[in-house]
Amino acid sequence: MTGTITQEMRQLLDTAFAPTRLDIINDSASHSGHSGDDGSGESHFTIEIESARFAGASRLQRQRMVNAALGDIPGNRVHAVAIKARAPGE
């Protein structure tokens, strides 16, 4: 896939969850020079996602669902991804 990691994550999450809200925040600048900063400007992210697919799932299940949808991105292509996943109305 071409483009930025942010664009790739957005496409993967849109496809997997049809979110009613999706914010992908690049936190990399806050971690410049720290462990895991590879100099790419795309090493640390926060994902805030709302989807009906999270209804009835625990926080851990939701995080696992998001990580599974992102494939090899967390831990391999980026150093850190913080996930805030909720169902509509939460």
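Here the structure is shown first, and the text comes after it.
Since this is a predicted model, take the numbers as computed values, not measurements. (Residues numbered from 1 in each chain as written. Predicted model: local features only at pLDDT ≥ 70, side-chain atom pairs only at ≥ 80, totals over all residues. Heavy atoms only, no water.)

**Describing the packing of aromatic side chains**
(1) Moving on: The tally for this structure, following the rule as stated, stands at one aromatic pair.
(2) Moving on: An angle of 35 degrees between the planes, with centres 4.9 Å apart, marks the rings of F17 and F54 as tilted. One end of the pair, F17, is in helix α1 (residues 5-17); the other, F54, is in the loop between β2 (44-50) and α2 (59-70), with 37 residues separating them in the sequence. The pair F17 / F54 is uniform in exposure class, with both members buried. (Phe/Tyr/Trp six-rings, centres within 6.5 Å; stacked < 30°, edge-to-face > 60°. Helix = DSSP H or I, 4+ residues; strand = E, 2+ residues; numbered from the N terminus. Buried < 20%, exposed > 50% of the residue type's maximum accessible area, 1.4 Å probe, protein only.)

**Looking at α1**
(1) Moving on: Between its terminal C-alpha atoms α1 stretches 18 Å, which fits the 18 Å expected from 13 residues at 1.5 Å a residue.
(2) Moving on: Among all positions of α1, only I5, T6, E8, M9, L13 and F17 are buried. Each buried residue of α1 lies within a common arc of 160 degrees when the element is viewed along its axis, so the set occupies one face.
(3) Moving on: Residues of α1 that are buried sit in contact with β1 (21-26), β2 and α2. (Expected span 1.5 Å × (residues − 1). Arc of directions from axis to C-beta. Contact = heavy atoms within 4.5 Å.)

**Re α2**
(1) Moving on: Taking 1.5 Å per residue, 12 residues should reach 16 Å; α2 reaches 17 Å between its end C-alpha atoms and fits that length.
(2) Moving on: Restricting attention to buried positions, one finds in α2 the residues R62, V66, A69 and L70. The arc that holds the buried residues of α2, viewed along the axis, is 100 degrees, so those residues lie on one side. Across α2 from its buried face, at more than 90 degrees, point the exposed residues R64 and A68.
(3) Moving on: The inward-facing, buried residues of α2 abut α1, β2 and β3 (80-86).
(4) Moving on: A positive backbone phi angle near 60 degrees is found at G71, which sits one or two residues after α2.

**Quick look at the pattern of salt bridges**
(1) Moving on: According to the stated counting rule, one finds six salt bridges in the structure shown.
(2) Moving on: For E48, the salt bridge is made with K84, and the minimal N-O distance between the two is 3.7 Å. Of this pair, E48 sits in strand β2 while K84 sits in strand β3, and the two are 36 residues apart along the sequence.
(3) Moving on: Look at E48 and you get buried, because its relative accessible area is 15%.
(4) Moving on: When the shortest N-O distance is used, the salt bridge between E90 and R62 registers 2.7 Å. Taken together, the residues E90 in the segment after β3 and R62 in helix α2 connect sequence positions 28 residues apart.
(5) Moving on: For E90, a relative accessible area of 56% puts it in the exposed group.
(6) Moving on: One connected set of salt bridges, linked through shared partners, spans R21, D23, E48 and K84. (Salt bridge = Lys/Arg side-chain N within 4 Å of Asp/Glu carboxyl O.)

**What to know about the pairing of β3**
(1) Moving on: The sheet contact formed by β2 and β3 spans seven bridges and is parallel. Note on β3: the bridge partner recorded for I49 is A85.
(2) Moving on: Of the crossover connections in this fold, the one passing from β2 over α2 to the parallel β3 is right-handed. (Pairing = 2+ DSSP bridges. Right-handed = clockwise from strand over helix to strand, strands pointing away.)

Just geometry here; none of it tells us what the structure is for.
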